[in-house]
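# Summary of structural features
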Amino acid sequence: MTNLARRARVGRQAVAGWLFVAPFTVLLVFFLLLPMLYAAKLSLYRSTLVEGEVFAWLDNYRQALGDPEFRRGVVRVLVFGAVQTPVMIGIALVAALLIDAATSRFSRVFRLAAFVPYAVPVVIGTLMWGFLYSPNTGPLSSVIDVDFLSSGTVLYSLGNIVTWQWAGYNMIVLYAALQGVPREVYESARMDGAGAVQTALRIKTPMISAAIVLVTIFTIIGTLQFFTEPLILQPLNPGAITNSYTPNVYAYHQAFSYQQYNYSAAISFLLGVVVFVGSYIFLFVTRKRSALR
Amino acid sequence: MSRPARTTGGRIASHAVMALMAAYFLLPFWWLLVASTKDNDGLFGSAPLWFSGDFKLFDNLSLLFSHDGGVYLKWLRNSALYSVVSGVGATAIAALAGYAFAKLRFPGRNMLFAALLGLIMVPATALVLPTYLLMSEAGLTDTVWAVILPSLLNPFGVYLLRVYAHDSVPDEMLEAARIDGADEFRVFRSVALPAMRPALVTVLLFTMVATWNNFFLPLVMLSDNDLFPLTVGLRTWYQSATLGNAGPALFNVIVVGALVAIVPLIVAFLLLQRYWRGGLTIGALK
């Protein structure tokens, strides 16, 4: 091929390349970059009765950091994450180890049963549990005499909904990682006389630590953004699930119940930055071990 | 890879744990199935986990589709519209971009891909409110576009399809098609697309289900009842039923509405299991 023809082809490929990525790039700009910059801008302004929109530097952020309702919401999702994450990952890990060890027909049925809640919309999963928790329509309060929706218990009830919905998803990811471990490793462990439980705890679990780290990060990211479940259950006990129950619920109500768009943008932006920076630090620190490159 | 059976005791114990967990995961589905056969009195007056004497499923269904002037059917149609248009559109856009990032050379490619990787972790919920404010300045809120356009963006799908195209589309076949005189779009359509099919189905499935299940975005974008998807619509019913400000309670309608909303998902889930699992494992863990 002549030099000229090659250059023409390289040129055509460059044009084609740009055309191919153009729709995606436009969407990335309009629905990710622009909203981000817009939120950043809004969060630096304040709307006042007399002067309209005025530049307020970091006042909204200062207000957020000193706002006891916002702080309680932040502490709540952190506590929630610290309790719910290990419980759910633990259940997912046990389930994954069980289906990895058992090869019966029942273990395949079990895999489906555990995974199917993931296919259900969060709204509907929460509705179903709302009915199950209610003493009028659900069986649970006749088994244990507990008010699942009181201000002291509702956080655990929400944690159960999240666990029910996501444990199976995490189980599948961990199971896939277990399947990737060479079988010889287990064989030699068995030769050495290790039992099934010992093999699971001492050998299989450490072998998939990268996958465990990964699902833990994704769970924490989801926890910080906690929104749909508390918003759906809110009418069942508005006194317990307040308008500032989680940062996202707070941002939503600030914008749509109180028209505080600037303050709401500051909360959204703060939350976004925390999640974004947090997940990159985590991924960077665990880069060698985690598989997400 | 059959392994010799271990102790019978261990097998029984592990199966007992699995049975217990399965009961937990399936409990809400069983309750929903039973509850959807009861009328409102039966819902409150009979044992929650077993059928009451009357079988009211069909009454409930006809009530569901006639309640509020048959708005449920509109919600069902909206959910289908949003998820099909967003799913197909997002997959097509991600396929073009993923293929280009993997196989075409063009200036700025690496920079753009680095930007994508950098932005992939921006949490979606933090973007909903600013996107709403931007859309309202453009006069697009409370239209179908307010839900569809943001759902077309799927950075993770682009990443996944780039990885897949990189490994599964052979360069020699692309070269051969080019030498035959095919233009770049034809090369993409006739060589790359068929090779990327399994990953395309996975991305399509995940985007469709994500849009079908989406709540925050349509909740914020829409205020017209007739444009709601099922998730937002059912929530408004649930809210007015629990707060008791909409006349007689309609819990049985909500229950059967929830059942109808998840049936398509369960069917898709069972038929397309392979692709679900594929999607969870291709991108995250290689």
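This section reports on the structure supplied with the text. (Residues numbered from 1 in each chain as written. Chains lettered and ligands numbered in written order. Predicted model: local features only at pLDDT ≥ 70, side-chain atom pairs only at ≥ 80, totals over all residues.)

## A word on the overall build of chain B
- Along its length, chain B carries 15 helices and zero strands.
- Taken over C-alpha atoms, the radius of gyration comes to 24 Å for chain B, far larger than the 19 Å a tight globule of 286 residues would show.
- Each of the three principal axes of chain B carries a C-alpha extent, and together these read 75 × 65 × 35 Å.
- The buried share of chain B, reckoned over its 286 residues, is 44%.
- Across chain B, the fraction of contacts at a sequence separation of at least 24, relative to all contacts at a separation of at least 6, is 72%. (Helix = DSSP H or I, 4+ residues; strand = E, 2+ residues; numbered from the N terminus. Rg over C-alpha atoms; globule rule 2.2 N^0.38 Å. Buried ≥ 20, exposed ≤ 12 C-beta atoms within 10 Å, placed from the backbone. Contact = placed C-beta atoms within 7 Å.)

## Details of the overall build of chain A
- Looking only at helices and strands, chain A has 13 helices and two strands in total.
- Its C-alpha radius of gyration of 25 Å places chain A more than 25% over the 19 Å reference for a compact globule of 293 residues.
- Viewed in the frame of its principal axes, chain A has a C-alpha envelope of about 85 × 80 × 30 Å.
- Sorting the 293 residues of chain A into buried and exposed places 45% on the buried side.
- In chain A, the share of contacts with a sequence separation of at least 24, taken over all contacts with a separation of at least 6, comes to 69%.

## Here we look at the interface of chain A and chain B
- In this complex, chain A contributes 78 residues to the contact, which on the side of chain B involves 73 residues.
- No other element matches helix 1 (residues 3–43) of chain A, which puts 20 residues into the side of chain A that touches chain B.
- Looking at side-chain class alone, the side of chain A that touches chain B contains 61 nonpolar, 15 polar and two charged residues. (Nonpolar A, V, L, I, M, F, W, Y, C, P; charged D, E, K, R; others polar.)

## Observations concerning the packing of helix 5 (residues 122–133) of chain A against helix 1 (residues 8–35) of chain B
- Their axes nearest at 10 Å, the elements helix 5 of chain A and helix 1 of chain B cross at an angle of 80 degrees. Considering the angle they form, helix 5 of chain A stands roughly perpendicular to helix 1 of chain B. Residues Met128(A), Trp129(A) and Leu132(A) of helix 5 of chain A lie in contact with helix 1 of chain B, whose contacting residues are Pro28(B), Trp31(B) and Leu32(B).
- Grouping the amino acids of the contact of helix 5 of chain A with helix 1 of chain B by side-chain chemistry returns six nonpolar, no polar and no charged. (Axes fitted to C-alpha atoms, helices over the stretch in contact; angles between N-to-C directions. Parallel < 35°, antiparallel > 145°, perpendicular 65-115°, else oblique.)

## Examining the nonpolar core
- In this structure, Leu174(A) and Ala258(B) are the most contacted members of the largest nonpolar core, which totals 170 residues.
- Discounting residues that sit within four places of it in the chain, Leu174(A) has contacts with Ala92(A), Leu93(A), Ala96(A), Ile208(A), Ala211(A), Ile212(A) and Val215(A). (Core = buried A, V, L, I, M, F, W, Y, C linked by C-beta atoms within 7 Å.)

## Here's the deal with the environment of Pro35(A)
- One can find Pro35(A) in helix 1.
- Pro35(A) gets classed as buried once you count the C-beta atoms within 10 Å, which come to 25.

## Comments concerning the pairing of strand 1 (residues 45–48) of chain A
- Pairing between strand 1 of chain A and strand 2 (residues 52–55) of chain A: four bridges, direction antiparallel. Looking across to strand 2 of chain A, one finds that Tyr45(A) is bridged to Phe55(A). (Pairing = 2+ DSSP bridges.)

## Side note on unusual backbone geometry
Residues and elements named next belong to chain B.
- Phi at Asp68 takes a positive value of approximately 55 degrees, unusual for a residue other than glycine.
- Within the secondary structure layout, Asp68 lies in the loop between helix 3 (57–66) and helix 4 (71–103).
- Classification of Asp68 as partly exposed rests on a count of 16 C-beta atoms within 10 Å.

## Thoughts on the packing of helix 3 (residues 68–101) of chain A against helix 10 (residues 209–224) of chain A
Residues and elements named next belong to chain A.
- Relative orientation of the contacting elements helix 3 and helix 10 amounts to 145 degrees, with a least axis distance of 10 Å. The chirality of how helix 3 crosses helix 10 is right-handed. In contact with Val77, Phe80, Gly81, Gln84, Thr85, Met88, Ile89 and Leu93 of helix 3, helix 10 contributes Ile212, Val215, Thr216, Thr219, Ile220, Thr223 and Leu224.
- Residue classes in the contact of helix 3 with helix 10 are distributed as nine nonpolar, six polar and no charged. (Left-handed = near helix turned anticlockwise from the far one by under 90°.)

## Focus on the environment of Phe188(B)
Residue and element names in this part refer to chain B.
- Relative to the helices and strands, Phe188 is located in helix 10 (residues 184–195).
- On a C-alpha basis, the gap between Phe188 and Trp237 in space is 47 Å, while along the polypeptide they are 49 residues apart.
- The residues touching Phe188, leaving out its near neighbours within four places in the chain, are Tyr99 and Leu193.

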